[in-house]
Amino acid sequence: MIPYGRQNISVDDVEAVNAVLKSDFLTQGPQVPLFEKSICGVTSAKYAVAANSATSVLHLACLALDVGQGDCVWTSPITFVASANCALYCGASIDFVDVNRLTGNMCPKALERKLKQAQADNCLPKVIIPVHMAGHSCDMKAIGQLAKTYGVKVIEDASHGIGGSHLGTSIGACQYSDITVFSFHPVKIITTAEGGVATTNNASLAKSMAQLRSHGITKEPEVMLRPDEGDWYYEQHTLGFNYRMTELQAALGNSQIKRLDSFIARRNTIVARYLDAFDAFEALRLKSVTPLKESHSAYHLMIILLPDELDRKAIFDAMRAAGIWVHVHYIPVHLQPYYLKLGFAEQDFPEAEYFYRHCLTLPLYPDLTEEELCFIIETLRGLIG
Ligand SMILES: *Cc1c(COP(=O)(O)O)cnc(C)c1O
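Keep in mind it's a predicted model, so treat the numbers as computed, not measured.

The rules behind the values
Residues numbered from 1 in each chain as written. Predicted model: local features only at pLDDT ≥ 70, side-chain atom pairs only at ≥ 80, totals over all residues. Heavy atoms only, no water. Helix = DSSP H or I, 4+ residues; strand = E, 2+ residues; numbered from the N terminus. Expected span 1.5 Å × (residues − 1). Buried < 20%, exposed > 50% of the residue type's maximum accessible area, 1.4 Å probe, protein only. Arc of directions from axis to C-beta. Contact = heavy atoms within 4.5 Å. Pairing = 2+ DSSP bridges. Axes fitted to C-alpha atoms, helices over the stretch in contact; angles between N-to-C directions. Near = heavy atom within 4 Å. Polar contact = N/O pair within 3.5 Å; in protein donor to acceptor, adjacent residues only side chain to side chain. Areas by Shrake-Rupley, 256 points an atom, 1.4 Å probe, with all protein chains shown as cover. Nonpolar A, V, L, I, M, F, W, Y, C, P; charged D, E, K, R; others polar. Parallel < 35°, antiparallel > 145°, perpendicular 65-115°, else oblique. Left-handed = near helix turned anticlockwise from the far one by under 90°. Phe/Tyr/Trp six-rings, centres within 6.5 Å; stacked < 30°, edge-to-face > 60°. Lys NZ or Arg CZ within 6 Å of the ring centre and 35° of its normal.

## Describing helix α13 (residues 370-384)
And then number 1: Over its 15 residues, α13 runs 21 Å from end to end, which matches the ideal 21 Å to within 8%, given 1.5 Å per residue.
And then number 2: For α13, the complete set of buried residues consists of Leu 373, Ile 376, Ile 377, Thr 379, Leu 380 and Ile 384. Down the axis, α13 shows its buried residues gathered within 160° of arc, on one side only. Relative to its buried face, α13 has exposed residues pointing more than 90 degrees away, namely Glu 371 and Gly 382.
And then number 3: The elements touched by buried residues of α13 are α9 (260-280), β14 (302-305), α10 (312-321) and β15 (359-362).

Structure representation (structure tokens):
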């Protein structure tokens, strides 16, 4: 079976995790701050806060931006459910902004229309969460300018995007956003098994997320509200969680991040092979989901859009029967039964639904071999050529 995505684990990765197992700290040691520093290095952000998943980080980011009851958060319908759930965790309501049907990324024009309407109705969102689908950057300049005009905060869900850039700026630099979130689940670009990191250039947001990640507790003498009673003393200032990343996870991340550039280079090489092959059998009339101009994508996913006349389900089933574990990213969040119960309906976001009905994710990961690649391309050609 050829999966759609898969981690790459080296001997060095195994040794890095083993070394931590034999060390004094399995959690709250030196590896997590080192990993955070490496993420700052990759993204050029000033601050990074690691947690046990991107889902937790999205929650922390919303809380740090003071999202709560009575607030509304907007995200993209073409995403994993976590991008929307984080708002609901905070007691806020959620709404969606439709995407560009050829990229699956939030459409700045749709966003502008919706913001204009919301301003007229006096119900502007507090935060918008664009998602860099497949690792391809959204048009952050346009989204960031709209957010500024309307006084809305921005969290970038860059779960797919570590190591990518747009217009010469790294994803995660937060040039047009308040916070960026990365995931290190095993199918993503680099992995910590489970894990996520937030980047920001705002010291108080970083501090707030770090405190909320560990029960809302602080040990910093200068912010204590009561007299320091001794070395054991700490204070809880807000209601936080235990969302900490372990030392094992961070050690794996520290080892993996050394190969980030080579992972992304290999992913881009494989994508180029796919695109060449599709050009060679243009009868396929496939469109592939590609990055904006002047982007370098981490290419988390290789997504193609099938033409109307082809039966996506039949092709999906046949590919799987051949042992090629193609996938579909994503079922639009507003069509999930839980969200339908909140009042969303079919045709609410037609471009997202178009994307969903036509998309197919082909295998893409650094260890995919030339032989497997040929097999995938030939199988697909046989099915739709
Ligand atoms: C994977 C993913 C998440 C959640 O990441 P976890 O680390 O598994 O919590 C959130 N958003 C998007 C777009 C994702 O792909």
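## Concerning the sheet that holds β15
And then number 1: Strand order in this open sheet of three strands is β12-β14-β15, and the pairing throughout is antiparallel. Bordering the open sheet on either side are β12 (287-288) and β15, each of which pairs with just one other strand.
And then number 2: Here α9 sits on the sheet and contacts β12, β14 and β15; the angle it forms with β14, its principal contact strand, is near 20°.

## Focus on the site of the ligand
And then number 1: As a structural note, the neighbourhood of the ligand is formed by 15 residues, with Thr 55, Asp 157, His 160, Ser 183 and Lys 188 the closest of them.
And then number 2: Residue His 160 places a side-chain N or O atom 2.7 Å away from an oxygen atom belonging to the ligand.
And then number 3: Measuring from an oxygen atom of the ligand, one finds a side-chain N or O atom of Ser 183 at 2.8 Å.
And then number 4: In the complex, 93% of the free accessible area of the ligand, which totals 380 Å², lies under the protein chains.
And then number 5: Only α3 (54-64) and α4 (82-89) provide two or more residues apiece to the shell around the ligand.
And then number 6: Classifying every residue of the shell around the ligand gives five nonpolar, eight polar and two charged.

## Looking at the packing of α3 against helix α7 (residues 203-213)
And then number 1: At a minimum axis distance of 9 Å, the contact between α3 and α7 shows a crossing angle of 125°. With respect to α7, the axis of α3 lies oblique. Like other packed secondary-structure pairs, α3 and α7 cross with a definite hand, here right-handed. Residues Leu 60, Ala 61, Leu 63 and Ala 64 of α3 lie in contact with α7, whose contacting residues are Leu 205, Ser 208, Met 209, Leu 212 and Arg 213.
And then number 2: Residue classes in the contact of α3 with α7 are distributed as seven nonpolar, one polar and one charged.

## Structural notes on the pairing of strand β8 (residues 179-183)
And then number 1: Among the five residues of β8, five are classified as buried, and the element is accordingly described as predominantly covered.
And then number 2: Two elements, strand β5 (residues 153-157) and β8, share three bridges in a ladder whose sense is parallel. Looking at the pairing, Ile 155 lines up with Ile 179 of β8.
And then number 3: Relative to strand β9 (residues 196-200), β8 runs antiparallel, the two sharing four bridges. Note that in β9 the partner of Phe 182 across the bridge is Val 197.

## Things to note about α3
And then number 1: Burial runs high along α3: nine of the 11 residues are buried.
And then number 2: For α3, the set of buried residues is Ala 54, Ser 56, Val 57, Leu 58, His 59, Leu 60, Ala 61, Cys 62 and Ala 64.
And then number 3: Put simply, Ser 53 is the residue that caps the front of α3, since its side-chain oxygen is 3.3 Å from the backbone nitrogen of Thr 55.
And then number 4: In the segment just after α3, Asp 66 is the residue with positive phi, at about 70°.

## Observations regarding the environment of Arg 101
And then number 1: Along the chain, Arg 101 falls in the loop between β3 (93-96) and α5 (108-120).
And then number 2: Expressed as a C-alpha distance, the spacing of Arg 101 and Phe 355, which sit 254 residues apart in the sequence, is 5.2 Å.
And then number 3: Among the polar contacts made by the side chain of Arg 101, one reaches the side chain of Glu 351 at a distance of 2.8 Å.

## Examining the packing of aromatic side chains
And then number 1: All told, the structure shown has eight aromatic pairs when counted by the stated rule.
And then number 2: Centroid distance Phe 96 to Phe 349: 5.7 Å. Interplanar angle 70°. Geometry classified as edge-to-face. With a gap of 253 residues between them, Phe 96 in strand β3 and Phe 349 in the loop between α11 (337-341) and α12 (350-358) connect regions that are remote in the sequence.
And then number 3: The aromatic ring of Tyr 354 is capped on one face by Arg 101, whose charged end is 3.8 Å from the ring centroid.
And then number 4: Sitting over the face of the ring of Tyr 356, Arg 312 holds its NZ or CZ atom 5.2 Å from the ring centroid.

## Re unusual backbone geometry
And then number 1: Cis geometry marks the peptide bond from His 329 to Tyr 330; its omega dihedral reads -5°.
And then number 2: In this structure, Tyr 330 sits in the loop between α10 and α11.
And then number 3: One non-glycine residue with positive phi stands out, namely Ala 134, at about 65°.
And then number 4: Within the secondary structure, Ala 134 is located in the loop between β4 (127-129) and α6 (140-150).
And then number 5: Taking the relative accessible area as the measure of exposure, Ala 134 reaches 1% and is therefore buried.

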